[in-house]
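Read off the chains here:
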Amino acid sequence: MIPRLKPAIGAAEFAAILRPGGARVEEFERAFAAAFGARHAVAFPYGRSALWAWFKALGIEGAEVVLPAYTCVVVAHAIALSGNTCRFVDVSLRDYNMDLDELERAITPRTRAVLPTHLFGYPLDLDRVREIVADAEIRYGHRIFVVHDCAHAFGARWHGRLVCADGDAALFGLGISKMMTAIFGGMLTLNDDRVAGLLRQTRDSVFRPAGLRKALSRRLYLFATAAAFSRPAYPFVRWLEHETSMLDSMTKAYHLDDIIHFPPDHLERMADVEARVGLTQLTRYEGIVQGRERNARHYDARLRGVAGWVLPPLVEGATYSHYVVRVPNRKDVIDRAAHRGVDLGELIQYSVPHMASYRIDAADRLFPNALAASRQTINLPVHTDLSVRERDRVVSVLSDMALQEPSPAALPVR
Ligand SMILES: *Cc1c(COP(=O)(O)O)cnc(C)c1O
């Protein structure tokens, strides 16, 4: 079975967690800030807790925060749990990012922050975001902060500019399924010295230091993940995932059930051992992006025009954290590919304003593209561990399937 995701972890990461002593969280923060063009980086146990702490540090509460309807639900959780209200914007089916025409309409007198997400690594138009927010600031006479969600877009560039270096802050997730990982963890980068000071103060007073137990369990987690994603174990792990509820109950605390909550350890700081893995990953980072881009270009060249499937765009400066294709009959495609040894996934299989916890009346009418994306997308393996042979196998399995489709219903592109 060709795994759909595979963290780029190897000997260097294992050495980093087994060597006694070594670098600490502060060193990872400094290196991270330098790598992504920021004056400050502040580390947290999760990306979601970084965002939550940023609201606390700035005293933003009881306000509206604008975010895309199609994004990771933990971002909405951070907004809700900080005492703010989510205001959703539909996405474009071209690159799955927030539709900027809709953004303009979503900003109200109560808006204090906007979270543009560079989903799947596709950079949003930074100038338009700035312009829309600046106009709204004039209209409503108060400051509106911009926090770029770069969880899929570490180092993505729009017209040569780092998207994470724009706006007031940038948010990163460092969990095991992200482009680079610190086992778990999240980071917030920013340039304002005062706000960075407030954020550190909040982190250091509200979050407790990482305990020994965490340091140990994180090491075990990294080993377990590496084993689970190895070629021999993967079919079994996938079977567990699809056919039993065992993994589900193990990961429930961290996962995406439709309940607004954070994992139990969300107030325990990043452990030094996680920072050491993060530091190692930083040195590999360019290679990770290049490998993904190569895979994306290859899929584009080989799969474009094969059938009624909609391929994602190739965009200069994108990081290709995921390669998503829209198909009319997702479940069928996934099952048939699995049968032939290719694991395809459903990445974000929900539209947030359609979920019970965030339910908005008339969501179907207001967020049709988010709904379509949530129902039709599959993601192909683009990880750097994919061999040329495996990539060719993915292409041939998918091409066969696409050709067999009875009469592929054309999917709308907007
Ligand atoms: C992963 C992710 C985050 C942050 O995730 P954590 O799991 O809290 O570290 C934020 N935004 C998006 C789009 C993500 O995919």
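Quick note: structure is the one above.
What you see is a predicted model; the values in this text were computed from it and never measured.

S.K.: I tried to follow the overall build of the chain on my own but got confused; where do I start?
M.R.: Looking only at helices and strands, the chain features 15 helices and 11 strands. Taking 414 residues into account, the globule formula puts the C-alpha radius of gyration at 22 Å, and the chain, at 21 Å, falls close to it. Reported as C-alpha extents along the three principal axes, the dimensions of the chain are approximately 60 × 55 × 40 Å. Considering only contacts within the chain whose residues lie at least 6 apart along the sequence, 75% involve residues at least 24 apart. In the form shown here, the chain has an accessible surface area of approximately 17100 Å², with 54% of it arising from carbon and sulfur atoms. In the chain, 51 side chains carry a positive charge and 47 a negative one; their mean positions are 3 Å apart.

S.K.: Looking at this model, I keep getting lost on helix H11 (residues 272–303). Mind explaining?
M.R.: Over its 32 residues, H11 extends 43 Å from the first C-alpha to the last, a length consistent with the 46 Å expected when each residue adds 1.5 Å. Taken as a whole, H11 carries its principal kink of about 55 degrees at arginine 284. Residue glycine 305 follows H11 closely and has a positive phi angle near 80 degrees.

S.K.: Help me understand the site of the ligand, please; the structure alone is not making it clear to me.
M.R.: The full set close to the ligand counts 13 residues, and Gly47, Arg48, Asp149, His152 and Lys178 are the nearest of them. Between the ligand and aspartate 149, the relevant distance is 2.7 Å, taken from a nitrogen atom to a side-chain nitrogen or oxygen of the residue. Protein contact buries 93% of the 390 Å² of open area that the ligand shows by itself. Of all elements in the fold, only helix H3 (47–58) and helix H4 (73–81) reach the threshold of two or more residues within the shell around the ligand.

S.K.: Honestly, the state of the cysteines in this entry has me stumped. Any pointers?
M.R.: Here a disulfide denotes one covalent bond, and it connects the sulfur atoms of two cysteines. Enumeration according to the criterion identifies zero disulfides in this entry. Unpaired in this structure, cysteine 72 has its nearest cysteine sulfur neighbour in cysteine 86, at a distance of 12 Å. Look at cysteine 72 and you get partly exposed, because its relative accessible area is 23%. Of all cysteine sulfurs, the one in cysteine 164 lies closest to cysteine 150, which takes part in no disulfide; the gap is 5.1 Å. For cysteine 150, a relative accessible area of 0% gives the class buried.

S.K.: What exactly am I supposed to notice about the packing of H3 against helix H7 (residues 193–206) here?
M.R.: Two numbers describe a pair of packed helices, the interaxial angle and the distance between the axes. Interaxial distance between H3 and H7 falls to 9 Å at its minimum, and their mutual angle equals 110 degrees. Viewed along their axes, H3 and H7 adopt a mutual orientation that is roughly perpendicular. You can see that H3 and H7 cross each other, and the crossing is right-handed. Between H3 and H7, the residues in contact are Trp52, Ala53, Trp54, Lys56, Ala57 and Leu58 and Val195, Leu198, Leu199, Thr202 and Val206, respectively.

S.K.: What is the right way to read the environment of proline 235 from this model?
M.R.: Along the chain, proline 235 falls in helix H9 (residues 234–243). Overall, the relative accessible area of 36% leaves proline 235 in the partly exposed class. Spatially, the C-alpha atom of proline 235 lies 28 Å from that of aspartate 258, the residues being 23 residues apart in sequence.

S.K.: So what exactly am I meant to see when it comes to the pattern of salt bridges here?
M.R.: Side chains that differ in charge, positive against negative, can pair when their charged atoms come close. Scanning all chains against the criterion turns up 28 salt bridges. For aspartate 332, the salt bridge goes to arginine 336, with nearest N and O atoms at 3.0 Å. Linking aspartate 332 with arginine 336, this pair stays in helix H12 (residues 330–339), spanning four residues, or about one helical turn. Of the residues examined, aspartate 332 reaches a relative accessible area of 36% and is grouped as partly exposed.

S.K.: Looking at this structure, I do not really get the pairing of strand E3 (residues 85–89). What am I missing?
M.R.: Pairing geometry for strand E2 (residues 64–68) and E3, over five bridges, is parallel. Across the sheet, residue valine 65 finds its bridge partner in E3, namely cysteine 86. What joins E2 to E3 is H4, and the crossover it makes is right-handed.

S.K.: Could you clarify how one ought to interpret the nonpolar core in this entry?
M.R.: Nonpolar side chains tend to gather and get buried jointly when the protein is soluble and globular. Core analysis: the largest hydrophobic core is formed by 80 residues, its most contacted members being Leu51, Trp54, Tyr70, Leu199, Tyr299, Leu344 and Leu380. Aside from chain neighbours lying at most four places away, what touches leucine 51 is Val75, Ala78, Ile79, Leu115, Val147, Leu171 and Leu188. Membership of the second largest hydrophobic core comes to 30 residues, among which are Phe32, Phe36, Ala156 and Met179.

S.K.: Teacher, can you tell me more about the pairing of strand E9 (residues 186–190) here?
M.R.: Side-chain positions along a regular strand alternate between the two faces of the sheet. E9 sits mainly inside the fold: five of its five residues count as buried. Pairing between strand E1 (residues 40–44) and E9: five bridges, direction antiparallel. Of the residues in E9, the one forming a bridge with alanine 41 is threonine 189. Relative to E9, strand E8 (residues 169–173) is paired through five bridges, and the arrangement is antiparallel. Bridging across to E9, alanine 169 finds its partner in leucine 190.

About the cut-offs
- For every chain, the first residue of its written sequence is number 1, and the numbers climb from 1 along that sequence.
- For a predicted model such as this one, the threshold for reporting local features is a pLDDT of at least 70, and the threshold for listing and counting side-chain atom pairs is 80 or more; totals across whole chains, interfaces and linings nevertheless cover every residue.
- Excluded from the side-chain calculations are hydrogens and water; all other atoms, namely the structure's heavy atoms, are used.
- In this description a helix means any DSSP run of H or I spanning at least four residues, a strand means any run of E spanning at least two, and both kinds are numbered starting from the N terminus.
- The quantity called the radius of gyration is restricted to C-alpha atoms. Its globule counterpart is 2.2 Å times the number of residues to the power 0.38.
- Whether two residues are in contact is decided by their heavy atoms: any pair within 4.5 Å suffices.
- Computed with a 1.4 Å probe, the accessible areas rest on the Shrake-Rupley method; for each residue, only the protein chains presented here act as cover.
- Only four residue types enter the tally: Lys and Arg on the positive side, Asp and Glu on the negative side; His and the chain ends are excluded.
- Here the site of a charge means atom NZ of a Lys, CZ of an Arg, CG of an Asp or CD of a Glu.
- A helix is expected to span 1.5 Å multiplied by its residue count minus one.
- By definition, a residue's bend is the angle between the axes fitted to the seven residues ending there and the seven starting there.
- If a single non-hydrogen atom of a residue is within 4 Å of a molecule or strand, that residue counts as near it.
- We define a polar contact as two N or O atoms separated by no more than 3.5 Å, with the added condition that, inside protein, one atom must be a possible hydrogen donor and the other a possible acceptor, whereas residues neighbouring each other in sequence contribute only through side-chain atom pairs.
- For this text, the term disulfide refers to a pair of cysteine sulfurs within 2.5 Å.
- Buried, partly exposed and exposed residues are distinguished by accessible area as a fraction of the type maximum, computed with a 1.4 Å probe on protein chains only: under 20%, between the cut-offs, and over 50%, respectively.
- Axis definition: a line fitted to C-alpha atoms, over the contacting stretch in the case of helices. Angles run 0 to 180 degrees between N-to-C directions.
- An angle below 35 degrees is treated as roughly parallel, one above 145 as roughly antiparallel, one from 65 to 115 as roughly perpendicular, and anything else as oblique.
- Should the near helix be turned counterclockwise from the far one by less than a right angle, the crossing is left-handed, whereas a clockwise turn marks it as right-handed.
- Every case where a carboxyl oxygen of Asp or Glu lies within 4 Å of a side-chain nitrogen of Lys or Arg is listed as a salt bridge.
- A pair of strands is considered paired only if DSSP assigns at least 2 bridges between the two.
- Handedness of a crossover: with both strands directed away from the viewer, a clockwise path from the first strand across the helix to the second marks it as right-handed.
- As used here, the term nonpolar core means buried Ala, Val, Leu, Ile, Met, Phe, Trp, Tyr and Cys residues forming a set that is joined through side-chain atoms within 4.5 Å.

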